[in-house]
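Residues per chain are reported as follows:
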Amino acid sequence: MHRIVVVGGGAGGLELVTRLGDKYGRGKDVQITLVDRSMSHIWKPLLHEVAAGVMDTATHQLSYVAQANWHHFEFAAGEMIGLDRAAKTIRLAALPAAADEGEGDLLPERTLPYDTLVLAIGSTTNFFGVKGAQENTIALDTVEQAERFRRRLMAACVRAQNAAQTPVVPVVAKAAAVTPPAEVGSPGAATGALLNTPSTASNAISAEDRRKVNLVIVGAGATGVELSAELRNTAEVLRSYGLKLDPRKDVRITIIESSPRILKALPERVSSAVAGLLGKLDVDILCGDSVAEVRPNEVTTTAGKVLPADITVWSAGITAPAVLGTLGLAVNRLNQIEVQPTLQSVTDPDIFAFGDCASCAWPDHGFVPPRAQAAHQQASFLVKAIDARLKGQSLPTFTYRDFGSLVSLGKFSAVGNLMGGLIGGSMFIEGLFARVMYTSLYRMHVAALHGVWRMMLDTVANRLRRSTVPRVKLH
C-alpha cells in the first residue's frame, strides 16, 4: 500500500486530499492521510470578515473528520514537529486536552509513516523583529486570532461609549508643566489628536481618545485593506444596533504601509482606485512610513509619529512556519521549502511542497505568489503528478497562470484586474461585477470540496440564514 500524507488542511491541502480520496480512497492500494493541528477548516481569505464580526465561523467551518468520512481519506490531528527522511516518518506533537476535557493529553506524541509526503502548512505572520509587535498586536492567521480581535473590538466600543457618557473631571496641573493646547479648529488640534509627537506622547490616554475607538492596521496588503473596509461597515452596523458612537468620527481606522502605495503587489490602477474608496470611508492611510515600536496602547513610526491604538492588527508580511527550517530540507530566507518545477523538494524527491510554504520559480516573474489561486492550481497539478508517480511515469512540470487579483471592500465595493487568454491581457474591474467575481472565488473553493450541487445548496442556505441573524456577531 502506498501511503500519501498531506500536512496542512488549508485551501490547497484540503482540496488535494479531497480529490485524492475521491480518486483512490475506496481502493486498497493507496492510503491518504491529512494532518492538521486544528479540527476544522475555514478559508483563510475570509478571516478578516470573521475579525470584523460579519461572518459567523460556525456556519463556514468544515470538520476535517466529516470531510474525511465523506471523501475516503483519514485525518490525524496534531502538529508536525519533526521529520525522519531515512525512516520516512513524520513526528506529531501531543494533542493537549482543553480545560474542560480532563487532565493530560488527548493524544500522545507519535510518528506517522509515509511513502509520499506533501507539505502544505501555509504561512504565518512575519513581525520583522519590530519591538513589541508580537506581544502587542493581533495577527489574522487563525480563527482563534480573528475571534480574539472581534471580542477586543466589541469591548473597545463598549468602553468608548461608556467614556463618552461619563463627564470628564478637569485635572489642574502646574503651570510650568502645561503646554498650551491648540485652539479648536486649528490645524494643530486635528493633527495632534491623531498623530502625537514623541515629545508630547506618554502612556496616558487623553480624555478625547477614551471617547474614540482607535484601530491601527500595519500593512496595506489585501488583508489589511479588506479588514479596514469591513471594520467601517461593522461600525455602521453597530450604530444601528444602539451603539452611541459616530461610526465615522468615533471609530478611527488607520493603515500604516512602508511602501509608497497600498497594495504594492497589484497594478497601480487597482491601488489608486482602492485608496480613493478607502478615503471616502474615512480610513486614514499612512504610506512611506514603517513601524518602529508597538506598545499596548500606541504605535510609533520611524518618522516619529505616535498613533493611539486600542487594537493593533499586524498584516505586514508572511514567513513560512519555523518548523520547516528544522527538517533538513533546503529552504529560502523566509523558511519556504525550495522546490523543483515538479513541486518536489530539491532535497528529497519523495517530499512535495506547495502553497505559501513553498518557494516555486515562476519564469520571467520571479516566484509563484502566495495567493489562494496559486494553491488551488498547485493542488490540481499535484493530483496529476501523484497519479503519474503511482504509475511509475515521469512527473509533469507546474506552470502558474495569473488570472488577476481582486480586493473586496465589503458591501461598499470591490476592485481588481482580470488576466487571461479570453480577455487578451489585463482588464480593470470594479463595483458589482468585481464583487460577484470575488464571491465566486470562495464558491469555487466550496465546489472543489463538496461538488457544484452542494455548493449551490450551501449558497442558498447561507442567504436564508443571513436574513434571520444579526449582520454582525455581537457575542
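Structure first, text after, so check above.
Rules used throughout
Residues numbered from 1 in each chain as written. Predicted model: local features only at pLDDT ≥ 70, side-chain atom pairs only at ≥ 80, totals over all residues. Heavy atoms only, no water. Pairing = 2+ DSSP bridges. Helix = DSSP H or I, 4+ residues; strand = E, 2+ residues; numbered from the N terminus. Axes fitted to C-alpha atoms, helices over the stretch in contact; angles between N-to-C directions. Contact = heavy atoms within 4.5 Å. Expected span 1.5 Å × (residues − 1). Buried < 20%, exposed > 50% of the residue type's maximum accessible area, 1.4 Å probe, protein only.

Chemist: What is the right way to read the sheet that holds strand β11 (residues 116-119) from this model?
Modeler: Hydrogen bonds between backbone groups are what pair the strands of a sheet, and the pairing can be parallel or antiparallel. Strand order in the open sheet formed by 5 strands is β5-β2-β1-β11-β22, and the pairing between neighbours is parallel. Two strands lie at the open edges of the sheet, namely β5 (74-77) and β22 (351-353), each paired on one side alone. Looking at each pair of strands side by side, their axes are set apart by 20 degrees on average, direction ignored. Set on the sheet, helix α1 (residues 11-24) makes contact with β1 (2-7), β2 (30-36) and β11; between it and β2 the angle comes to about 160 degrees. Against the sheet, helix α4 (residues 64-71) engages β2 and β5, with an angle of about 160 degrees to β5.

Chemist: Quick question: what am I supposed to make of the side chain of Q373 here?
Modeler: You can see Q373 is positioned in helix α11 (residues 372-390). In contact with Q373, other than residues within four places in its own chain, are Y400, R401, D402, F403 and G404.

Chemist: Explain α11 here, please?
Modeler: The periodicity of an α-helix, 3.6 residues per turn, causes residues three or four positions apart to be oriented the same way. The terminal C-alpha atoms of α11 lie 27 Å apart, and with 19 residues this matches the ideal 27 Å at 1.5 Å per residue to within 8%. Here α11 lies mainly inside the structure; 14 of its 19 residues are buried. A positive phi of about 75 degrees marks G392, the residue just after α11.

Chemist: Would you explain the environment of I311 in this entry?
Modeler: Considering the arrangement of structural elements, one finds I311 in strand β19 (residues 311-314). Since its relative accessible area comes to 1%, I311 is described here as buried. Spatially, the C-alpha atom of I311 lies 7.8 Å from that of I138, the residues being 173 residues apart in sequence. Excluding anything up to four places from it in sequence, I311 contacts I138, F149, R152, L153, N214, L215 and V216.

Chemist: Just checking my understanding: could you explain unusual backbone geometry for this structure?
Modeler: Trans peptide bonds make up most of the peptide bonds, and negative phi angles are found at most residues other than glycine. Its identity is not glycine, yet D282 carries a phi of approximately 60 degrees, on the positive side. Note on placement: D282 falls in the loop between α10 (268-280) and β15 (283-287). Accessibility expressed as a relative area gives 39% for D282, which makes it partly exposed. Its identity is not glycine, yet D364 carries a phi of approximately 70 degrees, on the positive side. Tracing the backbone through its elements, the reader meets D364 in the loop between β24 (361-362) and β25 (366-367). Look at D364 and you get exposed, because its relative accessible area is 82%.

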